[in-house]
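Examining the three-dimensional arrangement
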Protein chains: 2
Amino acid sequence: MRSPPKKKNVTIHDVAALTGVSYQTVSRVINGMPDVSATTRARIQQVLAEVGFRPNLTARQLASKRSTTVGLVTFATSFYGPSQIMVHSEQASKELSLTFMFSGIVEPRTRDIRRAVDELCAHQVCGILIHLPWEVDLRDLQDVCRNVPMVAVDSDFGFKCPSVFIDQELGSRKATRRLLQLGHKKIAHLRGPVFWRAGRLRDVGWQKELKAARLPLGPVADGDWTAESGFKAAQELISNHWGKFTAVVVANDQMALGAIRAFEESSIHIPEQISLVGFDDIPEAGLFRPPLSTIKQDFASLGRLSIQCLTAQVEPGRANVSNHMIQPSFVERESAVRVAGSKRAPRANPAANRR
Amino acid sequence: MRSPPKKKNVTIHDVAALTGVSYQTVSRVINGMPDVSATTRARIQQVLAEVGFRPNLTARQLASKRSTTVGLVTFATSFYGPSQIMVHSEQASKELSLTFMFSGIVEPRTRDIRRAVDELCAHQVCGILIHLPWEVDLRDLQDVCRNVPMVAVDSDFGFKCPSVFIDQELGSRKATRRLLQLGHKKIAHLRGPVFWRAGRLRDVGWQKELKAARLPLGPVADGDWTAESGFKAAQELISNHWGKFTAVVVANDQMALGAIRAFEESSIHIPEQISLVGFDDIPEAGLFRPPLSTIKQDFASLGRLSIQCLTAQVEPGRANVSNHMIQPSFVERESAVRVAGSKRAPRANPAANRR
DNA sequence: GTCTTAATTGTGACCGCTCACGGTTTCGGC
DNA sequence: GCCGAAACCGTGAGCGGTCACAATTAAGAC
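Let me begin by describing the structure that accompanies this report.

Quick notes on the rules
Residues numbered from 1 in each chain as written. Chains lettered and ligands numbered in written order. Predicted model: local features only at pLDDT ≥ 70, side-chain atom pairs only at ≥ 80, totals over all residues. Helix = DSSP H or I, 4+ residues; strand = E, 2+ residues; numbered from the N terminus. Rg over C-alpha atoms; globule rule 2.2 N^0.38 Å. Buried ≥ 20, exposed ≤ 12 C-beta atoms within 10 Å, placed from the backbone. Contact = placed C-beta atoms within 7 Å. Near = placed C-beta within 6 Å. Nonpolar A, V, L, I, M, F, W, Y, C, P; charged D, E, K, R; others polar. Pairing = 2+ DSSP bridges. Axes fitted to C-alpha atoms, helices over the stretch in contact; angles between N-to-C directions. Expected span 1.5 Å × (residues − 1). Arc of directions from axis to C-beta. Least-squares fit on C-alpha atoms with pLDDT ≥ 70 in both. Parallel < 35°, antiparallel > 145°, perpendicular 65-115°, else oblique. Left-handed = near helix turned anticlockwise from the far one by under 90°.

1. Observations concerning the overall build of chain A
Scanning chain A from N- to C-terminus turns up 12 helices and 12 strands. A globule of 355 residues ought to have a C-alpha radius of gyration of about 20 Å, yet chain A, at 26 Å, is considerably larger. Going through the 355 residues of chain A one by one, you find that 52% of them count as buried. Considering only contacts in chain A between residues 6 or more positions apart, those separated by 24 or more positions represent 72%.

2. Examining the protein's contact with DNA strand D
For DNA strand D, the set of nearby residues contains 26 residues, the closest of which are A:Ser27, A:Asn56, A:Ala59, A:Ala63 and B:Ser22. Counting residues per element, the ones that place at least two in the surface near DNA strand D are α2 (23–30) and α4 (57–64) of chain A together with α2 (23–30) and α4 (57–64) of chain B. In terms of residue count, the dominant contributor to the surface near DNA strand D is α4(A) (five residues). Taken together, the residues of the surface near DNA strand D sort by class into 12 nonpolar, 12 polar and two charged.

3. Quick notes on the protein's contact with DNA strand C
As a structural note, the neighbourhood of DNA strand C is formed by 26 residues, with A:Ser22, B:Thr11, B:Ser27, B:Asn56 and B:Ala63 the closest of them. At the level of secondary structure, the elements contributing two or more residues to the surface near DNA strand C comprise α2 and α4 of chain A together with α2 and α4 of chain B. Top contributing element to the surface near DNA strand C by residue count: α4(B), with five residues. Its residues placed into classes, the surface near DNA strand C shows 12 nonpolar, 12 polar and two charged.

4. Quick look at the sheet that holds strand β6 (residues 187–191) of chain B
All names here are of chain B. Across the sheet, which stays open at both edges, the four strands sit in the order β7-β6-β8-β9 with parallel pairing between neighbours. The open sheet terminates on both sides in strands that have one partner only, identified here as β7 (220–222) and β9 (275–277). The sheet shows a mean angle of 20° between the axes of neighbouring strands, taken without regard to direction. Across three bridges, strand β8 (residues 247–250) lies against β9 in parallel orientation. Bridge pairing in β9 links valine 249 to valine 277. Sitting on the sheet, helix α8 (residues 168–181) is in contact with β6, β8 and β9, with an inclination near 165° to β8.

5. Notes on helix α6 (residues 110–122) of chain A
An α-helical turn contains 3.6 residues, so a residue and the one three or four places further along point in the same direction. In this model α6(A) runs 18 Å from its N-terminal to its C-terminal C-alpha over 13 residues, within 8% of the 18 Å that 1.5 Å per residue would give. Within the span of α6(A), buried status applies to A:Ile113, A:Ala116, A:Val117, A:Glu119 and A:Leu120. Projected onto a plane normal to the axis of α6(A), the buried residues spread over an arc of 155° and lie on a single side. As for α6(A), its buried residues are in contact with β1 (69–75), β2 (99–105), β3 (127–130) and α7 (142–147) of chain A together with β2 (99–105) of chain B. Among the residues trailing α6(A), A:Gln124 stands out with phi positive, at a value near 60°.

6. With respect to the interface of chain B and chain A
Much of the literature gives interface size as the accessible area that the parts lose upon coming together. With 59 residues of chain B in contact, the opposing surface of chain A contributes 59 residues. Broken down by secondary-structure element, the contributors of at least two residues to the side of chain B that touches chain A are α4, α5 (80–95), β2, α6 (110–122), α10 (227–241), α11 (253–265) and α12 (299–314) of chain B. When residues of the side of chain B that touches chain A are assigned to their parent elements, the largest contribution, six residues, is made by β2(B). Across three bridges, β2(A) lies against β2(B) in antiparallel orientation. In the strand pairing of β2(B), A:Phe100 is matched with B:Phe102.

7. Regarding the sheet that holds strand β7 (residues 220–222) of chain A
Residues and elements named next belong to chain A. Here we have four strands laid out as an open sheet, ordered β7-β6-β8-β9, and parallel in their pairing. Each having just a single partner strand, β7 and β9 (275–277) make up the two edges of the open sheet. Each strand of the sheet is rotated relative to its neighbour by a mean of 20°, with strand direction disregarded. Where helix α9 (residues 197–212) meets the sheet, it contacts β6 (187–191) and β8 (247–250), and its direction lies at approximately 170° from that of β6. Here helix α10 (residues 227–241) sits on the sheet in contact with β6, β7 and β8, set at roughly 145° to β6.

8. Some words on the relation of the copies chain B and chain A
After a rotation of 180° and a shift along the axis of 0.1 Å, chain B superposes on chain A with an RMSD of 0.1 Å. Here the transformation between the copies is reduced to the relation of a two-fold axis. Taking C-alpha positions as reference, the residue of chain B nearest the rotation axis is B:Met101, located at 2.3 Å. Looking at chain B, 100% of its interface residues are interface residues in chain A too, so the copies touch through the same face.

9. Observations concerning the packing of helix α8 (residues 168–181) of chain A against α9(A)
Residue and element names in this part refer to chain A. Look at α8 against α9: their axes get within 7 Å of each other, and the N-to-C directions meet at 45°. Accordingly, the angle class assigned to the pair α8 and α9 is oblique. Considering how the two elements wind past one another, α8 and α9 form a crossing that is right-handed. Taken together, the residues of α9 that come into contact with α8 (itself represented by Gln168, Glu169, Leu170, Gly171, Ser172, Arg173, Thr176 and Arg177) are Ala198, Leu201, Arg202, Val204, Gly205, Trp206, Lys208, Glu209 and Leu210.

What follows is the structure in structure tokens.
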């Protein structure tokens, strides 16, 4: 499991010997410090390149007590959101030339999370990104939090912590609102799991938007984010609540795919009979039948802001517990149309939005 | 960018002082070494827990010249395959309690790859996993390869290197073969980009299987893995090659989704008129309309084998340039059926395979 | 020419830990 | 009562860097 003693790497002492200067001078040119004459600097630089010197970052980290590594702990990486977060925060850290350490956890139990955080801390990361899509109470992790800079990425633990969110509730409201604009009055909801933050907040958004419009809540069915669960939930809606809705807000695009299939199997036409809007805007959403109107989350910004929020804690102006909030946007396609018998025609040319 | 001097962490010297023993003794109990009396061991262990001691892995790594970190460099993480590889190799490394470092690259140019590898080496990883879906010639990276253990994950550079593959060609042959079994004689191919290894090999597999059956190659159209490109490619097939195929092997499931839509827009029924088989078995494939018959790749095994292959290089029995090959499997659903006017009925009950 | 100052370069200590030994005890055996 | 082997515990060095100085040299100033 552990690698054996390495074949020797070249060290600054080696190049110092080769150049006939002291190791400190070599260190200076490596770090671009002043106080080295142009000629020796050039000489050293040449040797550096020749021997392919690569600084030992663990040694540097140990000596300098500074780190250029960030860690991410996350969960459920097989889903679209978490995996997007992973990819984009890595990219963002790369842009700032930070190395990226990743620790996935299988079950969001406190001890597993603590283990992941500990592992990262043991490696002396300069900060930790945490994305926990479930709503878990991590108050007993608060001590760890104070020990190392961290930011919650679209996650909410029981305690205050610098964080950056995508406004799930707003996204869901936008979805519902569009349906409202299209004249729908009876709007159902295919929920994600409500012990997921996103699941709960999207549910809340749907509710609030309907309440704001002084409309009753439509029927609800639950899923688990998968297409299969969307299929089943839609069947449930059909058999138990048929006639009680003309549109449905679906918690994510995969479930929407399953739902579309369920409606089709019951010979219910989308969007003629039932309008549908999804959430996520996965790359395939534009090629569903019909192309799916949905809510787009800007994960690239999320990643970038998260890293910025982290580095901000580390640099001069101390930890301003900032709470960024990113607004998702509505993407119009063809799965949601004006309710039958309503006046205005649906806006937008959906064909342009296939992708 | 770099974190400032940390607030002091507890070190083995601290706990040594607290317990009244030498740092070496503390080190011994931390590492579970013998030669410590049960009583002092217990005492130290207690203090260890009390102060929440966390060994500084960078220091340990530096002193011991051993590492427990593996690195992955990869590309195009937004696609299904690469992201699966990322997730599963992380899980596999976690199972062996190795820490996972990740370095994505934006463009598979030699210098970018070299930079990523260098970064990982600088962090003294004990080995590197490389997944490069493009076919790039990395022979001038060979020197680096010799410096640190590495394994190619479903990738082929210009030089010999321990590696583990999924047999793309076989997968494609299996897809084609099934279509053949169903009586199809004119089989088209919606290719992925052929500068991707998987794209090329799947193309080759399709060709070889047809040749083995002494059948002519059907028409071909190219895509770029996206659903949108599959849509366009299928349109091309329809307008330029209609009548010249009764089935099509599609290079991945996303493209298949697009293709299905294209056929449907032209009022061509799947599978009654055209049979289709995809590649990847993405979680949604079972909810396509019709549910997609496809080829499943076992990424979990790929990840596990990759890590094993890495650690094998590090441990006793030296680098046997092993080339594992994982066989993908055919998943029967409903998008491929017996060609019209052919005898036997299609096998398997597709409904059972929805997910 | 000597002194001051700035520009270079070198030295010792140390980061937190491991490694290879070197000391003490303890205790049974004769 | 002495010896030797366990069993236990401690010491010094060093991993590959950085940091805070000290030391040397070069360049001006008078």
